[in-house]
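Descriptive structure summary
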Amino acid sequence: MTDLDRLLEFAARSRVPDGFGYLGSDGRVLPRPQETWIVARMTHVFGLAALLGRPGAGDLAGHGVAALRGGPLHDARYGGWRAAGDDGTKAAYVHAFVVLAGATAATAGVDGGRALLDEAVGVWQERFWDAGAGLAVDEWDAGWTTLSAYRGANANMHGVEAVLAAADAVDDAALAERLRGQALRSTERVVHGFARAREWRLPEHFTAAWEPLPDHNRDRPADPFQPYGVTVGHQFEWARLALHLRAALPDPPTWLLEDAVALFEAAATRGWAADGADGFPYTLGWDDRPVVGARMHWVLCEAVAAAAVLARVTGEPRYRQLADRWRAHGEERFADPVTGSWHHELSPSGEVAEGTWSGQPDAYHLAQMLLLADLPVRGSIAAALR
């Protein structure tokens, strides 16, 4: 079985002078521009490990915090964080993970974590949160002068995760309440609105007026961040986040649980073995047929995590059985005995593939899956560990 400590040992090999790099399957950092989402996710993972008391994790989390606060990815001139070392754009997806990293580091008492959280929340509130829409905008240019017309559910999903973690970490009760309210508004629009209206086929891509773009990236269906069609893993992820949100609210609306169950069931029944082979395809078309049949490790991780959280919230043994069954599938197919991590992409028949992802850069989904198997449901994983 996959071991958290071995995963963390492998992930620690991503450390570079200015944060964390992109790990190849051999455990070496690949020669590619540094990306902020990698630095922030690794900082978050090591912050969770610090909360568990793992030796050396606090130092690694502190290294990530220092890189995010003062490294080259931080834009000292205009504020915020560049998407990558060769890309000056300011993306909501990236900033959501910086908020998450700051929140987890602050909760864990990592040096600089509170300052990182305060700055990241400030940028998120000022630049990305659109109070009129109840959702976050997606991407600015380097100087915050031009806003892209594209709007995306993916950035908003991670925005919900991030502001829930921030609400658990900030000292200001009024700010925490406001952040949870924003998470509720976004979840209501995306899950209770867009997904429910389309019989739980969640649209991901939108115009600036939040009109769905169902054909977006039809010519690039395997895009790692904006794939065409229905992304099965994101439906599991939204279902789980609805339950974290429900746990964080003093008087949650009943639809949060109802919608989480419905979205989970749609992803499970339409996704599993949709092409006749075990596993979840990366994406489905609007007719529920597979578009990109590759199996992504993160999709399975989110399926297991969502099932585990539903099992805890509802007490229904069927969800625990699904979590155990899907986890066993991951251990059989995805687990890499050499690294202790999971292969990031497989073909439908189980061979290692690299159509969308290369290497094993991301400990975030797998670490969270391992932790959520046994944790109480709170607004954030860090709060549950605390």
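Overview of the structure. (Residues numbered from 1 in each chain as written. Predicted model: local features only at pLDDT ≥ 70, side-chain atom pairs only at ≥ 80, totals over all residues. Heavy atoms only, no water.)

1. Quick look at the packing of helix H4 (residues 92–107) against helix H6 (residues 153–169)
The N-to-C vectors of H4 and H6 enclose an angle of 20 degrees; their axes lie 8 Å apart at closest approach. Taken together, H4 and H6 sit at an angle that is classed as roughly parallel. Relative to H6, H4 is oriented so that their crossing is left-handed. Seen from H4, the contacting residues are Ala 92, Tyr 93, Ala 96, Phe 97, Val 99, Leu 100, Ala 103, Ala 106 and Thr 107; seen from H6, they are Asn 154, Ala 155, His 158, Gly 159, Glu 161, Ala 162, Ala 165, Ala 166 and Ala 169. (Axes fitted to C-alpha atoms, helices over the stretch in contact; angles between N-to-C directions. Helix = DSSP H or I, 4+ residues; strand = E, 2+ residues; numbered from the N terminus. Parallel < 35°, antiparallel > 145°, perpendicular 65-115°, else oblique. Left-handed = near helix turned anticlockwise from the far one by under 90°. Contact = heavy atoms within 4.5 Å.)

2. Digging into the nonpolar core
Within the largest apolar cluster, 134 residues are counted, with the highest numbers of intra-cluster contacts made by Leu 117, Trp 124, Phe 128, Phe 236, Phe 264, Phe 280 and Trp 326. If one sorts the elements of this core by residue count, helix H10 (residues 297–314) sits on top with 13 residues. Contacts of Trp 124, omitting those with residues within four sequence positions, involve Ala 92, His 95, Ala 96, Val 99, Trp 129, Ala 136, Ala 155, Gly 159 and Val 163. (Core = buried A, V, L, I, M, F, W, Y, C linked by side-chain atoms within 4.5 Å. Buried < 20%, exposed > 50% of the residue type's maximum accessible area, 1.4 Å probe, protein only.)

3. Let's talk about the layout of surface pockets
Taken as a whole, the largest pocket encloses approximately 490 Å³ of empty space. Counting residues per element, the ones that place at least two in the lining of the largest pocket are H4 and H6. With three residues, the single largest contributor to the lining of the largest pocket is H4. Looking at the lining of the largest pocket residue by residue, the class counts come to ten nonpolar, six polar and seven charged. (1 Å grid on protein atoms, 1.4 Å probe; cavity = no way out; pocket = protein on both sides within 12 Å on 5 of 7 lines; lining within 4 Å. Points joined across faces, edges and corners; volume = space filled by probe spheres on them. Nonpolar A, V, L, I, M, F, W, Y, C, P; charged D, E, K, R; others polar.)

4. Brief notes about the sheet that holds strand S11 (residues 290–292)
The strand order across the open sheet built from three strands is S9-S10-S11, with neighbouring strands paired in antiparallel fashion. Bordering the open sheet on either side are strand S9 (230–231) and S11, each of which pairs with just one other strand. Of the strand pairs in this sheet, S9 and strand S10 (residues 283–284) are connected by two bridges, and their pairing is antiparallel. Its bridge partner lying in S10, Thr 231 is registered against Thr 283. (Pairing = 2+ DSSP bridges.)

5. Brief notes about the pattern of salt bridges
One pass over the full model with this rule turns up 21 salt bridges. With its nearest N and O atoms 3.0 Å apart, the salt bridge here joins Arg 180 to Asp 168. Residue Arg 180 is found in helix H7 (residues 173–197), and its partner Asp 168 is found in helix H6; the two are separated by twelve residues along the sequence. No difference in accessibility class separates Arg 180 from Asp 168, as the two residues are buried. For Arg 220, the salt bridge is made with Asp 223, and the minimal N-O distance between the two is 2.8 Å. By relative accessible area, which is 13% here, Asp 223 ends up buried. Residues joined in a network through salt bridges with shared partners are Glu 199, Arg 201, Arg 270 and Asp 288. (Salt bridge = Lys/Arg side-chain N within 4 Å of Asp/Glu carboxyl O.)

6. With respect to the packing of aromatic side chains
Counted under the stated rule, the structure contains 23 aromatic pairs. With 6.4 Å between their ring centres and 85 degrees between their planes, Tyr 282 and Trp 298 make a pair best called edge-to-face. You can see Tyr 282 sitting in the loop between helix H9 (255–271) and S10 and its partner Trp 298 sitting in helix H10, a full 16 residues away along the chain. Members of the aromatic cluster, joined through ring pairs, are Trp 37, Tyr 93, Phe 97, Phe 225, Trp 357 and Tyr 364. Over the face of the ring belonging to Tyr 22 we find Arg 32, whose NZ or CZ atom lies 3.7 Å from the ring centre. Directly above the ring of Tyr 319 sits Arg 318, whose terminal nitrogen or CZ lies 4.8 Å from the centroid. (Phe/Tyr/Trp six-rings, centres within 6.5 Å; stacked < 30°, edge-to-face > 60°. Lys NZ or Arg CZ within 6 Å of the ring centre and 35° of its normal.)

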